[in-house]
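Letter by letter, the chains look like this.
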Amino acid sequence: MENTGITRLVGRLTKRETLDRYLDKDKRLTKTMDAKDLLLLGVGTVIGTGIFILPGTVAALYSGPGIVLSFVLATLVCATAAMCYAEFSSALPVAGSAYSYGNIIFGEFIGWIIGWALVLEYMLSVAAVSTGWSAYLISFLKGFGITVPKALTGSFDPAHGTYINIFAVVIVLAISLLLTQGVKTTTRINNIIVVAKIAIIILFVIVGMFYVKTSNWHPFLPYGPHGVMRGASLVFYAYLGFDCVSASAAEVKNPKKNMPIGILGTLIICTVLYVAVAGVLTGMVSYTKLNVAAPVSYALQLVNQNWVAGIISVGAMAGMFTMMLSMIYSSSRLIYSIGRDGLLPKRLGKISEKHQVPTVSLTAVTIVIAVMGGLVSLDRLTQLVNIGTLIAFTMMSIGVIPLRRRKDIKNDGFRVPWYPVLPIISALLCIWMLSQLPLETWIVSGIWFAFGMVLYFAYGIWHSQLQKD
């Protein structure tokens, strides 16, 4: 009797969704995005303020001018996971990214765990960046003699005189309002801002090239090969976000062709930009002087190019804006997908008739992120972004193997080369990255996943659409 109960439970946990059911459910979402839109969505997510900070600090502390090799190495590591995502999004063009892929390949319970990990990644990322955007705006306003009351500039901490980070809340609400206008409008605005951001990065590279001294590149590897490896493990996280592209698969024209272009193209463009900035920056200023809060602006000020430094600040704010736009968009599609399947309240899976946008899930996501960004100190919690991402990467890498074996799923689009070696290497690299995370991160994430398990067994499994069929 006991064995029968356990067998029945295991059967429910491993019950898998079908691609046809998901395609039918996602028909309500309109297909408006092409390869160009996906590329700009991806670049908008990956290239944030990190491009103006990370190359300098990592070069100073770990890699020296060899930081360019660190970026190339990190790209190769990321590319293995990106190719696995590209195959999944080509074979399974549905909303929900790795959550939906997990449901189809591994079963509902593993899908839920992956989805819960992604909820952690997306929402924490946006909340943390919203506070950074607020800090830049407050500094920018101060340059014009406008002082914001201290009570409105930080998380709820009466002992230090702060009650709410008002600009962090405002920017999240503004982006959410923009997203309610539909994918077409959002994409158009995102594309304009991303192009402007890329132009600002190129401006720095062109201006900076005139001040490069090749002597600053010697020694090229002051910390040796180990420094390059250490640098690669740090800048690896600068690429996180390309997986958000896969969340839009249900709203993409010809996903078999365009999804791989969007995912892999994002990595290539971002690598070129990162390497160009890192190379010019370490050529302008000795790497030993770059451990400062804003190394790019610092380098420009040293060569009396203050006007470009001012433009860089605008570029940093634009970078954070597009990153938040992409992440809130992806978060809403993820929560929509989980609600669509009944694992969270069904209302979250509803689509508005006017703009074909999941407005209920978008509202829920906005409230949570605005509260976190406006009231909660996120200094330590942002480490959890890495664990959520790497868990999803690991499962997607492993998942390519059972995906290929499925006779009911035909994929005549992108396929990971050197199968099954490359997916296995990708999974091992992700597991190695997970092993490098501090114990504190594992403990806090353990609490998050324990809460997720309680939610699934108390609500999800009893309301699941899949279990009812």
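The protein is annotated in an unreviewed UniProt entry as Amino acid permease from Secundilactobacillus paracollinoides. Turning to the protein, the UniProt record has this under Subcellular location (unreviewed entry): "Membrane".

Overview of the overall build of the protein
Check the secondary structure of the protein and you find 18 helices and zero strands. In terms of overall size, the protein behaves like a compact globule, its C-alpha atoms giving a radius of gyration of 22 Å where 469 residues would be expected to give roughly 23 Å. Structurally, the protein occupies a C-alpha span of about 75 × 50 × 40 Å along its principal axes. Here the protein holds 469 residues, and the buried ones make up 57% of them.

Here we look at helix α14 (residues 359-375)
Over its 17 residues, α14 runs 24 Å from end to end, which matches the ideal 24 Å to within 8%, given 1.5 Å per residue. Listed as buried for α14 are S361, L362, V365, T366, I369, A370, M372, G373 and G374.

Details of the nonpolar core
F204 and F242 are the most contacted members of the largest nonpolar core, which has 146 residues in total. Here the element with the most residues in this core is helix α7 (residues 108-142); it accounts for 19 residues. Beyond its immediate sequence surroundings of up to four residues, F242 is in contact with V46, C78, A81, A82, Y85, I263, T266, L267 and F393.

Topic: the packing of helix α8 (residues 166-179) against α14
Relative orientation of the contacting elements α8 and α14 amounts to 165 degrees, with a least axis distance of 8 Å. The angle between α8 and α14 places the two elements in the roughly antiparallel class. Crossing handedness for the pair α8 and α14: right-handed. Residues A168, V169, V172, L173, S176 and L179 of α8 lie in contact with α14, whose contacting residues are L362, T366, I369, A370, G373 and G374. A breakdown of the residues in the contact of α8 with α14 according to their chemical character gives eight nonpolar, four polar and no charged.

So, the packing of aromatic side chains
With the rule as written, the count across this model stands at 14 aromatic pairs. Between Y456 and F457 the ring centres are 5.1 Å apart and the planes differ by 80 degrees, which places this aromatic pair in the edge-to-face class. Residue F457 is classed as partly exposed on the basis of its relative accessible area of 33%. Pairwise contacts between aromatic rings join F109, W112, W116, W448, F451, Y456 and F457 into one cluster.

Remarks on helix α12 (residues 295-302)
Along an α-helix, a turn takes 3.6 residues, which lines up residues three or four apart on a common side. Inspection of α12 places P295, V296, S297, A299 and L300 among the buried residues, and these make up the whole buried set. The elements touched by buried residues of α12 are α4 (50-63), α9 (183-209), α11 (255-284) and α13 (306-340). At the C-terminal side of α12, N304 shows a positive phi close to 60 degrees.

Brief notes about unusual backbone geometry
Here H218 and P219 are connected by a cis peptide whose omega angle stands at -5 degrees. With respect to the secondary-structure elements, P219 resides in the loop between α9 and α10 (224-235). Omega for the peptide link from Y419 to P420 comes to 0 degrees, which places this bond in the cis form. As for its position among the elements, P420 is in the loop between α15 (384-405) and α16 (421-435). Phi is positive for S97, close to 50 degrees, though the residue is something other than glycine. Assessed through its relative accessible area of 1%, S97 is described here as buried. Although it is not a glycine, N254 sits at a positive phi angle of roughly 45 degrees. With respect to the helices, strands and loops of the structure, N254 is situated in the loop between α10 and α11. Here N254 falls in the partly exposed class, since its relative accessible area comes to 46%.

A short note on the environment of M123
Turning to its location among the elements, M123 is positioned in helix α7. Since its relative accessible area comes to 10%, M123 is described here as buried. Sequence separation of M123 and A370 is 247 residues, and the distance between their C-alpha atoms is 9.7 Å. Setting aside its immediate chain neighbours within four residues, M123 contacts S331, I335, V365, V368, I369 and M372.

Things to note about the pattern of salt bridges
The full count for this structure, using the stated rule, is 11 salt bridges. One salt bridge connects E17 with R21, and the closest N-O pair in it is separated by 2.9 Å. Its relative accessible area of 3% is what places E17 among the buried residues. Here R21 falls in the partly exposed class, since its relative accessible area comes to 27%. The partner of D341 in a salt bridge is K25, with the nearest N and O atoms 3.5 Å apart.

With respect to a nonpolar patch on the surface
On the surface, a nonpolar cluster with roughly 540 Å² of combined accessible area is contributed by F156, Y163, I367, V371, L375 and V376. Tracing the sequence through the fold places Y163 in the loop between α7 and α8. Using a relative accessible area of 42% as the deciding quantity, one classes Y163 as partly exposed.

Structural notes on the confidence of the model for the protein
Keep in mind that low pLDDT regions are not for reading the predicted coordinates in detail. Averaged over all residues, the pLDDT of the protein equals 88, while 98% of them reach at least 70. The least confident element of the protein is helix α1 (residues 2-13), whose mean pLDDT is 76; the most confident is α8, at 94.

Overview of the environment of H218
Along the chain, H218 turns up in the loop between α9 and α10. In this structure, the C-alpha to C-alpha distance between H218 and S445, residues 227 residues apart in sequence, is 42 Å.

Considerations on the environment of V72
On the secondary structure map, V72 appears in helix α5 (residues 67-91). Judged by its relative accessible area of 38%, V72 is partly exposed. Taking the C-alpha atoms as reference, V72 lies 37 Å from G154; in sequence the two are 82 residues apart.

Criteria and cut-off values
The numbering scheme is per chain: residues are counted from 1 as the chain's sequence reads. Whole-chain, interface and lining totals are the exception, using all residues; otherwise, since this is a predicted model, local features are given only for residues with pLDDT of at least 70 and side-chain atom pairs are given and counted only at 80 or more. Side-chain measures here rest on the full set of heavy atoms in the structure, leaving out hydrogens and waters. UniProt positions are given in the numbering used here, feature names are shortened, and annotations may be inferred rather than shown by experiment. In this description a helix means any DSSP run of H or I spanning at least four residues, a strand means any run of E spanning at least two, and both kinds are numbered starting from the N terminus. The atom set for the radius of gyration is the C-alpha atoms, and the globule formula is 2.2 Å times the number of residues raised to the power 0.38. Only protein chains enter the accessibility calculation, which uses a 1.4 Å probe. A residue is then buried if its area is under 20% of the maximum for its type, exposed if over 50%, and partly exposed in between. A helix is expected to reach a length of 1.5 Å times the quantity of its residues less one. Take the buried residues of types Ala, Val, Leu, Ile, Met, Phe, Trp, Tyr and Cys, join any two whose side-chain atoms come within 4.5 Å, and each joined set is a nonpolar core. For this analysis, residues touch if any pair of their heavy atoms sits within 4.5 Å. In this description, a line fitted to the C-alpha atoms serves as the axis of each element, helices being fitted only across the stretch in contact, and the angle between N-to-C directions of two axes falls anywhere from 0 to 180 degrees. Relative orientations are named as follows: roughly parallel for angles under 35 degrees, roughly antiparallel for angles over 145 degrees, roughly perpendicular for angles from 65 to 115 degrees, and oblique for any other angle. Working rule for handedness: look at the near helix, and if it is turned counterclockwise from the far one by less than a right angle, call the crossing left-handed; if clockwise, right-handed. We call Asp, Glu, Lys and Arg charged. Ala, Val, Leu, Ile, Met, Phe, Trp, Tyr, Cys and Pro are nonpolar, and the rest, Gly among them, are polar. Here a Phe, Tyr or Trp ring, Trp counted by its six-membered ring, pairs with any other such ring whose centre lies within 6.5 Å, and the pair is stacked when the planes are under 30 degrees apart, edge-to-face when over 60, and tilted otherwise. Whenever a carboxyl oxygen of Asp or Glu lies within 4 Å of a side-chain nitrogen of Lys or Arg, that contact is scored as a salt bridge. What makes a patch is a set of residues exposed beyond 30% relative accessible area and free of salt bridges, joined within 9 Å when like-charged and within 5 Å when nonpolar (Val, Leu, Ile, Met, Phe, Trp, Tyr). The accessible surface values rely on the Shrake-Rupley method and a 1.4 Å probe; as for residues, cover is taken only from the protein chains in view. Scored between 0 and 100, pLDDT is the confidence that the predictor attaches to each residue.

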